[in-house]
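Geometric and topological summary
Spelled out, the chains give:
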Amino acid sequence: MNAERDLSPLAPSVVRALNDKLYEKRKVAALEIEKLVREFVAQNNTTQIKHVIQILAQEFALSQHPHSRKGGLIGLAACSIALGKDSGLYLKELIEPVLTCFNDADSRLRYYACEALYNIVKVARGSVLPHFNVLFDGLSKLAADPDPNVKSGSELLDRLLKDIVTESNQFDLVGFIPLLRERIYSNNQYARQFIISWILVLESVPDINLLDYLPEILDGLFQILGDNSKEIRKMCEVALGEFLKEIKKNPSSVKFAEMANILVIHCQAADDLIQLTAMCWMREFIQLAGRVMLPYSSGILTAVLPCLSYDDRKKNIKEVANVCNQSLMKLVIPEDDEMDEAKQLMTLPAEPTSEESLSKPEAVASCSLDASGDSNFSSSSVFTVTSSERIQVTLNLDGIVQVLDCHLHDTSIGMMTRIAVLKWLYHLYIKTPRKMFRHTDSLFPILLRTLSDESDEVILKDLEVLAEIASSPAGQTEEAQGPSDGSDARTGPVELHVPARAGQLSTSGTRGLECSPSSPTMNSYFYKFMINLLKRFSSERKLLENRGAFIIRQLCLLLNAENIFHSMADILLREEDLKFASTMVHTLNTILLTSSELFQLRNQLKDLKTPESRNLFCCLYRSWCHNPVTTVSLCFLTQNYKHAYDLIQKFGDLEVTVDFLTEVDKLVQLIECPIFTYLRLQLLDVKNNPYLIKALYGLLMLLPQSSAFQLLSHRLQCVPNPELMQTTDSTKASTSFKRTPASNIDYTELLQHFEKVQNKHLEARHQRAGRAEQLDRRVVL
């Protein structure tokens, strides 16, 4: 710059001093400028004041020469001091050139700019608030300055500005939020520290309600929470903690819905602190907002369910996630099954877009975000609303079921997560059966596959869900209770016996979370379930061997045992795989004879007093014929001793194998068990039970000289001599053991059916043997 240029009203000596490289000379020039401006203020000569400021800005502060820029900065500060309270009229002209120097490459010049702005702000005080955004923007850059002197100077200016904002009630929060939302995504540690410090200050000012704008900055706060600096993480924790306290105090003014998806994202964070903090917020949101959170249920479940299988290293996250899961489940009520989506009074805003809630979009799976339903403050919330304000919420069941289905298909998820998924499905079938049955066809295959799970707890929960599907009145259709696929077509519907039980006809909507799913009603899914369960046993023989009895016994507790045995027997009657049919019949027979869960059914079959019991016997008998020994044991159970003897007579025509003799051995062991106590007592009445004794001798003759042979032989040796047993009360004694044969049962036809089935088994064995022989010949050749 030419120092001799006419820059009046500045004297040439002042101009030269401003351009000098020595700070002392520039300071003297600044004092002269201060004196000159004071005179103009006294004269109210605004034109000259503006002219001086313009010269200092254009000719000095924005000059290409570094010393001139330094002179311009100190001159502008001098002008501000001279203007005093009137400096607010010229702040734009004073601040802009100084802020430009914040970007200077020379660190010393950036420091002088910081010093100059400090003096300007100190004089103007509250008058700088209209220019707060540009000041904040400049300071946020200086906070990350590499020079420690510049950073120190910016901190002094920062504290001054915070004092001004704290003591003022004219801060423009609305205008500031967009800038805060932008700068909060800075990756620089010092910039992040600067941002958090300002958020803490604004949150502490009573007149500034930052909570209204929390959705704008919440995502950025969680991003900062993952910073590498412990100090910054701690500051961010404090800030989030203050916001959460404020939310608990004033839940009615919180925009829960706008922040729900932000929390869903960060509940899935890899950083433990972020995930735990977000999960704690989610817990509070669900408990405070209540059903307002329902439209976001699928996203919440996507985030929460995997956490339930965490180990002790993430115990805190697991515990909070469990509370979230339980609280969310309680929000689903029976009214959700009846709610008509077309009658919504009002809808919540749709999912917040990245521009509205997240300045930086996150890559999130499509099933993790969900706000397609309507939402509202309900009476279940902590804060209450009047009836005129109450808005209905629609449960987005499709999204929830999709998430649950995804987790069931994921073989990598932990046991506790699978259990939680099944609990959710069961709860939804109890609370919203009508809507849930729309998804049953898609859920049914995976529920059946889950029966092969390694965990007994998972299988138990899975059976509860399947039992509820099979027994819920909502699953009843007008179709016949038979299979839907042609391969299992039946000649007629199975006749299911439904005992009348008082107190079990209540609607599913009134059941609680832990209520038993047992119901006397068998719907159109029951028979389908039985068919597919047997198919599963047929295709997975290990499942049948290891868990078959366990599964069937549990189903007998959850459903009607008679219906289960009746339907399975009916299905096995048409089973083409005769080997599987024999194995399955043996399994069912063992369960029938030994399980405490089947006590009532055994008593029902023992006497055959009712048409239903006789019908059940005939149905079981026809399928039990796939296994000769189980057929005899069924006759023993039902006290059909003559027919048992007739069957044993037919055993001479059968192929006696090691497996056959092993089963006879097991039957002998069973006869010695408490279940057949009544049978052993009937041996005392030789006169009225001759066929029982003959049948037992028949078994004895079938057995080789083994431990079972010795056991049965010793038992038969204890049968008393009929002559010795005669007493004066012999008539009464005979009557006590005498049993009237069951009427309406054609035992001749049953015997013919037995022979027919055994012939089929014989042919099948011969075919298998032939194929094996052919295979051996091929191997030899």
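See the structure printed just above.
Let me sum up the structure you'll find in this document. (Residues numbered from 1 in each chain as written. Predicted model: local features only at pLDDT ≥ 70, side-chain atom pairs only at ≥ 80, totals over all residues. Heavy atoms only, no water.)

1. Section: the overall build of the protein chain
Secondary structure assignment for the protein chain yields 37 helices and zero strands. Sorting the 781 residues of the protein chain into buried and exposed places 53% on the buried side. When the accessible surface of the protein chain is totalled, it reaches about 36000 Å², and 50% of it is carbon and sulfur. (Helix = DSSP H or I, 4+ residues; strand = E, 2+ residues; numbered from the N terminus. Buried < 20%, exposed > 50% of the residue type's maximum accessible area, 1.4 Å probe, protein only. Areas by Shrake-Rupley, 256 points an atom, 1.4 Å probe, with all protein chains shown as cover.)

2. Considerations on the packing of helix α11 (residues 214-224) against helix α14 (residues 272-289)
A pair of packed helices is captured by two measures, namely the crossing angle of their axes and the spacing between those axes. At a minimum axis distance of 11 Å, the contact between α11 and α14 shows a crossing angle of 150°. In terms of axis orientation, α11 runs roughly antiparallel to α14. Contacts between α11 and α14 pair Leu214, Leu218 and Phe222 from the former with Ile274, Thr277, Ala278 and Trp281 from the latter. When its residues are assigned to classes, the contact of α11 with α14 shows six nonpolar, one polar and no charged. (Axes fitted to C-alpha atoms, helices over the stretch in contact; angles between N-to-C directions. Parallel < 35°, antiparallel > 145°, perpendicular 65-115°, else oblique. Contact = heavy atoms within 4.5 Å. Nonpolar A, V, L, I, M, F, W, Y, C, P; charged D, E, K, R; others polar.)

3. As for the environment of Met568
You can see Met568 is positioned in helix α25 (residues 561-572). The exposure class of Met568 is buried, given its relative accessible area of 0%. Distance in space between the C-alpha atoms of Met568 and Met584 is 9.4 Å, their sequence separation being 16 residues. If we skip the residues at most four places from it in the chain, Met568 touches Met530, Leu533, Leu534, Ile552 and Leu588.

4. A few points about the packing of α25 against helix α26 (residues 578-594)
Put simply, α25 and α26 touch, their axes get as near as 11 Å, and they point 160° apart. The pairing of α25 with α26 is recorded here as roughly antiparallel in orientation. The chirality of how α25 crosses α26 is left-handed. Across from Phe565, Met568 and Leu572 in α25, the residues of α26 making contact are Phe580, Ala581, Met584, Val585, Leu588, Ile591 and Leu592. (Left-handed = near helix turned anticlockwise from the far one by under 90°.)

5. Topic: the environment of Thr450
Considering the arrangement of structural elements, one finds Thr450 in the loop between α21 (440-449) and α22 (456-471). With 32 residues separating them along the chain, Thr450 and Arg418 place their C-alpha atoms 9.2 Å apart. For Thr450, the contacting residues outside a window of four places in its chain are Leu408, Leu422, Val458, Ile459 and Asp462.

6. Looking at the pattern of salt bridges
Here the structure, examined in full by the defined rule, presents 32 salt bridges. We note a salt bridge from Glu96 to Lys92, for which the minimum N-O separation is 2.9 Å. Here Glu96 and its partner Lys92 are both found in helix α5 (residues 91-100), four residues apart, which amounts to about one turn of the helix. Arg765 is the partner of Glu655 in a salt bridge, and the nearest nitrogen-oxygen pair spans 3.2 Å. (Salt bridge = Lys/Arg side-chain N within 4 Å of Asp/Glu carboxyl O.)

7. Observations concerning the nonpolar core
Among soluble globular proteins, nonpolar side chains are generally buried collectively. In this structure, Trp281 and Phe636 are the most contacted members of the largest nonpolar core, which totals 250 residues. No other element matches α14, which puts eleven residues into this core. In this structure, Trp281 is in contact with Leu214, Leu218, Phe222, Leu240, Phe243, Leu244, Ile247 and Leu263, ignoring residues within four places of it in sequence. (Core = buried A, V, L, I, M, F, W, Y, C linked by side-chain atoms within 4.5 Å.)

8. Remarks on the layout of surface pockets
When its volume is computed, the largest pocket comes out at roughly 580 Å³. As for the largest pocket, its lining consists of 20 residues, of which Ser582, Asn627, Asp659, Phe660 and Glu663 are closest to the centre. Listed by contribution, the elements that provide at least two residues to the lining of the largest pocket are α26, α29 (628-637), α31 (658-671) and α37 (747-780). A breakdown of the residues in the lining of the largest pocket according to their chemical character gives four nonpolar, nine polar and seven charged. (1 Å grid on protein atoms, 1.4 Å probe; cavity = no way out; pocket = protein on both sides within 12 Å on 5 of 7 lines; lining within 4 Å. Points joined across faces, edges and corners; volume = space filled by probe spheres on them.)

9. Brief notes about the side chain of Glu203
Within the secondary structure, Glu203 sits in helix α10 (residues 189-204). Every residue in contact with Glu203, bar those within four places of it in the chain, is listed here: Leu210, Glu242, Phe243 and Glu246.

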